[in-house]
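Observations on the model geometry
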Amino acid sequence: MSYKCEICGKQSVSGGSYSHSHMKTKRTFKPNLHKQKLVLDGKTQTAYVCSKCMKSGKVVKPAK
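In this report, the structure presented in the accompanying data block is examined. Given the structure is predicted, the values throughout are model-derived calculations rather than measurements.

If you tally the helices and strands in the protein, you get 1 helix and 4 strands. Scanning the protein from its N terminus toward the C terminus, one meets helices and strands in the order β-β-β-β-α. For 64 residues, the compact-globule estimate of 2.2 N^0.38 gives 11 Å, and the protein exceeds it by more than 25% at 16 Å. If one aligns the C-alpha atoms of the protein with their principal axes, the spans along those axes are about 55 × 25 × 15 Å. Of all 64 residues assigned to the protein, the portion counted as buried reaches 20%. Sequence separation of 24 or more characterises 30% of the internal contacts of the protein that already satisfy a separation of 6 or more.

The following block contains the structure:
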């Protein structure tokens with residue numbers, strides 16, 4: 001399973017890191033994912049969801 005949001009598809013992105021001496025190294029920028037129980041396609045599932053989707057209300061939580 002990839003490190004990816006199930007709602008919006010946000011995933012890791014590669015880029016460059018620059019130190020004080022301007023040495024360049026590769027690094028990855030990872031999304032802020034959380035494991036949540038939510039309703040997908042009418043079923044309750046556990047999935048990784050980014051915090052932006054949780055804040056915006058795109059995540060439908062199951063009834064208790």
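So, on to the packing of aromatic side chains. Two aromatic rings, taken as a pair, are described by how far apart their centres are and by the angle between their planes. The tally for this structure, following the rule as stated, stands at 0 aromatic pairs. Cation over ring: arginine 27 sits above phenylalanine 29, and NZ or CZ is 3.9 Å from the ring centre. Lying across the ring of tyrosine 3, lysine 30 places its NZ or CZ 5.5 Å from the centre.

A word on the nonpolar core. Counting residues in hydrophobic clusters, the biggest one holds 9 residues: Cys5, Leu33, Leu38, Leu40, Ala47, Val49, Cys50, Cys53 and Val59. Sorting the residues of this core by element identifies strand S3 (33-40) and strand S4 (43-50) as the ones contributing at least two each. Beyond its immediate stretch of four places on either side in the chain, cysteine 5 contacts Lys10, Leu33, Tyr48, Val49, Cys50 and Cys53.

Now for unusual backbone geometry. Even without being a glycine, histidine 22 presents a positive backbone phi close to 65°. Looking at the element boundaries, histidine 22 is found in the loop between strand S1 (13-18) and strand S2 (24-29). Positive phi outside glycine occurs at aspartate 41, with the angle close to 55°. Note on placement: aspartate 41 falls in the loop between S3 and S4.

Parameters and conventions
Residues numbered from 1 in each chain as written. Predicted model: local features only at pLDDT ≥ 70, side-chain atom pairs only at ≥ 80, totals over all residues. Heavy atoms only, no water. Helix = DSSP H or I, 4+ residues; strand = E, 2+ residues; numbered from the N terminus. Rg over C-alpha atoms; globule rule 2.2 N^0.38 Å. Buried < 20%, exposed > 50% of the residue type's maximum accessible area, 1.4 Å probe, protein only. Contact = heavy atoms within 4.5 Å. Phe/Tyr/Trp six-rings, centres within 6.5 Å; stacked < 30°, edge-to-face > 60°. Lys NZ or Arg CZ within 6 Å of the ring centre and 35° of its normal. Core = buried A, V, L, I, M, F, W, Y, C linked by side-chain atoms within 4.5 Å.

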